[in-house]
Amino acid sequence: MKLSNGLRLGALLSTAALVLTGCLSGNSGQGGGEGGEDPIRIGISLPLTGDFSEPGKGVRRGYEAWAGYVNANGGLLGRQVELTILDDQSNADRVAADYEKLINQDGVDLVFGPFSTRLVVPAAQVAEDYGFLFVEPAGAAEEVFTQGFDNLFYAAPAVANDHYNHLAEEILAMPAGERPETAAYAVMDDPFAQGTAYGLKEKLEAGGVRTVADEVYPPNTTDFGSIAAKIADSNADIMVGGTQYQDAVNLIVSLRQLGYQPDMAAFSTAPTNPEFPKAIGQQTEGIISPTGYTPEADYPSNKEFVDYYTEQNGAPPNEDEANAWTTGQVVAAAVEAAGCADPAPECQGKLIDWLHNNEVDTVVGPLSWDEAGRPQGAHLIQQYVDGEIKIVLPEDTKEADLIHPKPKW
Amino acid sequence: MSGPLLLQSLVLGVLLGGLYALLAAGLTLYFGVMRVVMIAHSAFLILAAYLAWFFTRETGLDPLLSLVFTVPLFFGAGVLMQRLLISRLRPATLTMMSVLLTFSIALVIEGTLGFAFSGTHRRIRLPYSGAHFELFGASIAVVKLIGFGLAGFSLVALYLLLKKTRFGQALRATMQHKDAAQLVGINTDRVAGYGFGLGLATAAIGGTALSLDSTIYPSLHWHWIGPLMAVIVVGGLGSVPGAAIAAMALGLGQSLLQIPLGTTWAQTFFYVALFATLMLRPQGFFGGRLAQRF
Amino acid sequence: MRSDSELVTGHGPRGGRTAVRAARLVGLLALIALVIAFPSMAPDSFILSVGVVIMSYAVLATSWNFVGGFTGYVSLGHASYSGLGGYATALLILRADVNPWVAMILAGLIVAAIAVPVGIASLRVRGASFVIVSIALVLILLLVFQSWGTFTGGSNGLRIPRPFSDDVLRPEQHERFFYLHAALLAVALLCWWAINRSRFGIGLKAIREDEDKAQSLGVPTFAYKLVVFVISAFFTALAGGLYALWFGFLDPIFQFSILVGAYMVLMSLLGGIRSLFGPLLGAVIVGYAMEFFKAQYGDTQAHLIAMGALLGVVVLFMPDGIIPALTNLVNRLRPQAASIRELSAAELAEQRREAEAADDTKEEVHR
């Protein structure tokens, strides 16, 4: 039996290799025929399973709604658009392989970005290597923009560090008696979450608000007892959470268990999640969060978006859906301006150049980018007022007044 | 560092340590009766938490009532698992292969939970989730106290079962020396099966306690298995009281170390203790003869 | 058909041995030819990148098999060493400005040095502690590499510059890294083969079969286990470093993942931990199956269930790997192909005589 393990393995491997190359190369290389009736094929990889699957699914809904809307309105350059969405299982190795597959094997004409900062960088690398334009809906952390990608654009109003800009200004402008003097931070060890909270921390410290607690915890922490104990012990006037979702819920419950009552509580991302009030109940009142999007915004294309999306899905869009739709709008604007949508480097180069030099009107407002793809804006600030999410800052778009100090939770 | 914070951390450490102690006792039972390192223990813990959440979502009743179903169910599953799967492995490679087998069970449980309930983080919304009372300046959350009470009660029950009943004697005999136990007429196969069932029952109780005060998601079990493994090594493989004491000590240590070190570095305490134990006293601090050989 | 003639010729005299050698050589050459030809056979660079990934799995599984195959100690945490190898390579390049290839080798040596105290802690006592330490090490490294952001890049991840210049396009990168991985695999296989034939290897296998007896026969079990463990960590680290250079991005949660370690175990076990090429075979099967499942079933958690179930089946029903399992199955289905135990000594002698008489290699191979 030892005789020919080598031989047998050789045979097995060659069969495997043949099957591999045969089976996995389904339909290769039918890339964009110029201007014809072929649809424009757009490749996307999203975390549809695994740790980032919740927002990943939101982004998918946004992309699909955008494609449906474009196709119902005459398509792009007169061609229909067709999405190919793969699941990267929330895994960096997979996300790179997915874009490799989309570009080489499925022969897509354009690519859209995935979700989560952790997945954007490896994906952008693949897109850059093949010369593709890479507009992404969810990689807001500073690190994304310091990697030297010139093909990358973030399709939202602001990078993570600028999310709280309006709130920082508001706090620092408060009269001395009302103005909080101390702040506590609890931040998930994640580039995006840290970006938001530390962006605010930097501005508040510069303005003289003392930091009395600063806790970093690993993603997937579920026991917040000790973190809450330290924050409660510091008795800070304002509590800032660089959070995602479940961590904010756990942290708030733990803080309540310790009887801590801050004057202001701001958490990133979590309060924009529709599950949040279901998990927290009545105690959401007064909680603040930055958001890149509100369905009420009166930008020209936003009403169409909200109407179309609501009609299709039975509920108004959230931030994830809006960012995906924005990504579609940004790429579409570049495609219309350059007059081409194919994988050839000349066309992709034209798209990239156009975006570097122009402003695009989107559902989150007009967007323009710096050299590294950073959008040049700030986020809105929302607050739970009477159980409903209201935009409270900045002054010109607010739907309600900021409540300060916030009610007890 | 202020006095109240220290006290508060002590209280939190004790409450957490209780849960660790119960779960570590379960792990020790498997190891004792079968020399099995049960990687799937924490996966069953999460499964029980999901069952409690599902029970509450469907019926609207208190998650604690789900124990009525999950404890017998898990006991039965443990017996079946030992009889149908673990006992099929070759004795010579049992320890290693059982690790892989239980690892594969953990993966199947995680995958099935993800399949059935998606990766969304779930949390039972309890009317008393934020309720707490003050004790000498430290506040004690009601849900954490319930969890601790459940764990403590179960540990005492387990202790009495092991020490005072005939079955307990048989179980301890099987743990200490299987061949000798067989010689004096103990049906060690059946006892091992029941030992497994008891171990899984602790996961059912622990999972329900966990679901009261934490969000749950399918891959959460990886977060639990590491510290639990450290606990049973520090306590000495195969020693139930050793595991319980080590769990309490490590839980307290972690909670106190969080004050100066922060959350992430404090978590490494379990592993530092694990390595230190293996370097200095490989048989663990409370282990008997058993641990020296494994 | 082949198996029974192999049994005979395997014990046979010179003629048989030549046949064995010839067939092995043919197999090996076919394998080498296939590996060399693969990049030109791949229809597009996605397939090529899958090839790189599978090759990387093969190196990892083969490296794992130094400790798993020889000593029977199952490490679920070999991702520690591949992750450390990747990070050490990256950090040497980024922080100390070392040449990438030198960095990779240095990283291997550093990780081997780290493996010494870990080995001492976990190998002094028997199996159970070893497994526990292997898992604990992955978890502790994940925490450390996440938290120590100023040095490791933390949760932002670490981007590694290309070892080749920018005008080497991506498909060509894939091709070069495919061959580099193949070369590393060849070195690892050669090393495994050499140990397998040495006195050292025999001592290790004695530990696998019965550690107590090996010890009482005078095998320095602890030293042997430690040496082979360090060799395993060294190769795993090289594999991690090479992969990191190819992939170009490191994130602690994907580097220090128990699942990665579990894949190494599954591949080795499936292919067969006792044979030289077993882990390679396992890597090809599992690597291909993962792509296939993903392409077929898309976005479900089923891949976890499938992997768990496959691992369970392998552990329960074919702990020696797929080749012995399939051979047994085939033999059971063919009544005439009895197991060797059912041959009497006389029959065996008769067969040998026949084999000796028919000193014709062709005939041997034919049978």
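Residues numbered from 1 in each chain as written. Chains lettered and ligands numbered in written order. Predicted model: local features only at pLDDT ≥ 70, side-chain atom pairs only at ≥ 80, totals over all residues.

## Digging into the overall build of chain A
Then step 1. In terms of helices and strands, chain A carries 13 helices and 14 strands.
Then step 2. In terms of overall dimensions, chain A is globule-like: its C-alpha atoms have a radius of gyration of 23 Å, near the 22 Å expected for 409 residues.
Then step 3. Dimensions of chain A along its principal axes, counting C-alpha atoms only, are 75 × 65 × 40 Å.
Then step 4. Looking at chain A residue by residue over its 409 residues, the buried ones come to 63%.
Then step 5. Here the contacts in chain A between residues at least 6 apart in sequence split such that 70% fall between residues at least 24 apart. (Helix = DSSP H or I, 4+ residues; strand = E, 2+ residues; numbered from the N terminus. Rg over C-alpha atoms; globule rule 2.2 N^0.38 Å. Buried ≥ 20, exposed ≤ 12 C-beta atoms within 10 Å, placed from the backbone. Contact = placed C-beta atoms within 7 Å.)

## Quick word on the overall build of chain C
Then step 1. Scanning chain C from terminus to terminus reveals 18 helices and two strands.
Then step 2. Burial analysis of chain C (367 residues in total) assigns 53% to the buried set.
Then step 3. If you take every contact in chain C between residues at least 6 apart in sequence, the share linking residues at least 24 apart comes to 77%.

## Some words on helix α11 (residues 300-313) of chain A
Residue and element names in this part refer to chain A.
Then step 1. Among the residues making up α11, those that are buried are N302, F305 and Y309. Along the axis of α11, the buried residues cluster in a sector spanning 60 degrees; they form a single face. In α11, the exposed positions angled more than 90 degrees off the buried face are occupied by P300, E304 and E311.
Then step 2. G314, located one to two residues past α11, shows a positive phi value of around 75 degrees. (Arc of directions from axis to C-beta.)

## Concerning the pairing of strand β13 (residues 380-385) of chain A
All names here are of chain A.
Then step 1. Of all six residues making up β13, five are buried, and the element is well covered by its neighbours.
Then step 2. Across five bridges, the pairing between β13 and strand β14 (residues 388-393) is antiparallel. From the neighbouring strand, Q383 faces β14, where its bridge partner is K390.
Then step 3. In this antiparallel pair of consecutive strands, β13 and β14, the connection spans two residues, and D386 shows a positive phi of 50 degrees. (Pairing = 2+ DSSP bridges.)

## Some details on unusual backbone geometry
Residues and elements named next belong to chain A.
Then step 1. The residue after L393, namely P394, is reached through a cis peptide bond having omega -5 degrees.
Then step 2. The residue P394 is located in the segment after β14 in this model.
Then step 3. Residue P405 follows H404 across a cis peptide bond; omega there is -5 degrees.
Then step 4. Residue position: P405 is located in the segment after β14.
Then step 5. Unusually for a residue other than glycine, N235 sits at a positive phi of about 50 degrees.
Then step 6. Mapped onto the secondary structure, N235 falls in the loop between α8 (225-234) and β8 (238-242).
Then step 7. The class for N235 is partly exposed, based on 13 C-beta atoms found within 10 Å.

## A few points about the interface of chain B and chain A
How big an interface is tends to be reported as the loss of accessible area on association of its parts.
Then step 1. Facing the 30 residues of chain B at the interface are 31 residues of chain A.
Then step 2. For the side of chain B that touches chain A, the secondary structure elements donating two or more residues are α1 (3-34), β2 (138-141), α10 (240-261) and α11 (263-280) of chain B.
Then step 3. If you tally residues by element for the side of chain B that touches chain A, the top one is α1(B), at six residues.

## Considering the packing of α1(B) against helix α8 (residues 188-212) of chain B
Residues and elements named next belong to chain B.
Then step 1. Between α1 and α8, whose axes approach to 9 Å, the crossing angle comes to 165 degrees. One element, α1, and the other, α8, form an angle in the roughly antiparallel class. Crossing handedness for the pair α1 and α8: left-handed. Touching L19, L22, L23, A25, G26, L27, L29, Y30, G32, V33 and M34 of α1 are V191, A192, G195, F196, L198, G199, T202, A203, I205, G206, A209 and L210, all from α8.
Then step 2. In the contact of α1 with α8, the residues fall into 17 nonpolar, six polar and no charged. (Axes fitted to C-alpha atoms, helices over the stretch in contact; angles between N-to-C directions. Parallel < 35°, antiparallel > 145°, perpendicular 65-115°, else oblique. Left-handed = near helix turned anticlockwise from the far one by under 90°. Nonpolar A, V, L, I, M, F, W, Y, C, P; charged D, E, K, R; others polar.)

## Some points on the nonpolar core
Then step 1. Grouped together as the largest cluster of nonpolar side chains are 355 residues, with contacts concentrated most on A:V111, B:A24, B:A230, B:V231, C:A136 and C:L266.
Then step 2. Among all residues touching A:V111, those that are not within four sequence positions of it are A:I42, A:G43, A:I44, A:Y99, A:L102, A:I103, A:A127, A:F132 and A:F134. (Core = buried A, V, L, I, M, F, W, Y, C linked by C-beta atoms within 7 Å.)

## Some thoughts on the packing of helix α5 (residues 100-123) of chain C against helix α11 (residues 221-247) of chain C
Residues and elements named next belong to chain C.
Then step 1. Two elements in contact, α5 and α11, have axes whose closest approach is 7 Å; the angle formed by their N-to-C orientations is 145 degrees. Crossing angle aside, the handedness with which α5 passes α11 is right-handed. Contacts between α5 and α11 involve P100, M104, A107, G108, V111, A112, A115, V116, G119, I120 and L123 on the former and, on the latter, F222, K225, L226, F229, V230, A233, F234, A237, L238, G241, L242 and L245.
Then step 2. A class-by-class count of the residues in the contact of α5 with α11 yields 19 nonpolar, three polar and one charged.

## Details of helix α13 (residues 258-271) of chain C
Residues and elements named next belong to chain C.
Then step 1. Spanning 14 residues, α13 covers 20 Å between terminal C-alpha atoms, matching the ideal 20 Å at 1.5 Å per step.
Then step 2. Taken across its 14 residues, α13 has 13 buried, putting it largely inside the fold.
Then step 3. Note on α13: the residue one or two positions beyond its end, G272, has a positive phi of about 115 degrees. (Expected span 1.5 Å × (residues − 1).)

## Focus on the environment of A:T84
Residue and element names in this part refer to chain A.
Then step 1. Along the chain, the position of T84 falls in strand β2 (residues 81-87).
Then step 2. Residues T84 and G377 lie 293 residues apart in sequence; the distance between their C-alpha atoms is 31 Å.
Then step 3. Ignoring anything within four residues of it in the chain, the contact list for T84 reads R41, G43, L102, D106 and V108.

## Digging into the confidence of the model for chain C
Residues and elements named next belong to chain C.
Then step 1. Per-residue pLDDT for chain C has a mean of 83; in total, 86% of the residues score no lower than 70.
Then step 2. Here residues 1-12 is a poorly scored stretch, pLDDT under 50, and it has 29 contacts once near neighbours within four places are set aside; other chains count.
Then step 3. Note that residues 337-342 has pLDDT below 50 and, in this model, five contacts with residues that lie over four places away or in other chains. (pLDDT = per-residue confidence, 0-100.)

## Observations regarding the domain arrangement of chain A
Residues and elements named next belong to chain A.
Then step 1. Structurally, chain A comprises domain 1 (40-158 + 297-367) and domain 2 (164-291 + 380-397).
Then step 2. Its C-alpha centre places domain 1 at a distance of 30 Å from the equivalent point of domain 2.
Then step 3. At the junction of the two partners, domain 1 supplies eight residues and domain 2 supplies seven residues.
Then step 4. For the side of domain 1 that touches domain 2, the per-class residue count stands at three nonpolar, two polar and three charged. (Domains from an automatic or database assignment.)

## Section: the sheet that holds strand β5 (residues 152-154) of chain A
Residues and elements named next belong to chain A.
Then step 1. Strands sit in the order β2-β1-β3-β4-β5 across an open sheet of five strands; the sheet is parallel. The open sheet is flanked by β2 and β5, the only strands paired with a single partner. Each strand of the sheet is rotated relative to its neighbour by a mean of 25 degrees, with strand direction disregarded.
Then step 2. Pairing of strand β1 (residues 40-46) with β2 involves seven bridges; the strand directions are parallel. Among the inter-strand pairings, L46 is bridged to a residue of β2, identified as D87.
Then step 3. Relative to the sheet, helix α2 (residues 53-72) contacts β1, β2 and β3 (110-112), its axis offset from that of β2 by approximately 165 degrees.

## Considering the pairing of β8(A)
Residues and elements named next belong to chain A.
Then step 1. Among the five residues that make up β8, five are buried, leaving the element largely enclosed by the rest of the structure.
Then step 2. Pairing analysis gives five bridges linking strand β6 (residues 182-188) to β8, with the strands arranged parallel. Bridge pairing in β8 links Y185 to V240.
Then step 3. By the bridge criterion, four bridges tie β8 to strand β9 (residues 264-267) in an arrangement that is parallel. Each bridged residue has a counterpart across the sheet, and for M239 the counterpart in β9 is A265.
Then step 4. One crossover worth recording links β8 to the parallel β9 by way of helix α9 (residues 246-257), and it is right-handed. (Right-handed = clockwise from strand over helix to strand, strands pointing away.)

## As for the environment of C:A325
Residue and element names in this part refer to chain C.
Then step 1. Secondary-structure assignment places A325 in helix α16 (residues 322-333).
Then step 2. A count of 17 C-beta atoms within 10 Å places A325 in the partly exposed class.
Then step 3. Between the alpha carbons of A325 and L91 there is a distance of 44 Å; along the sequence they are 234 residues apart.

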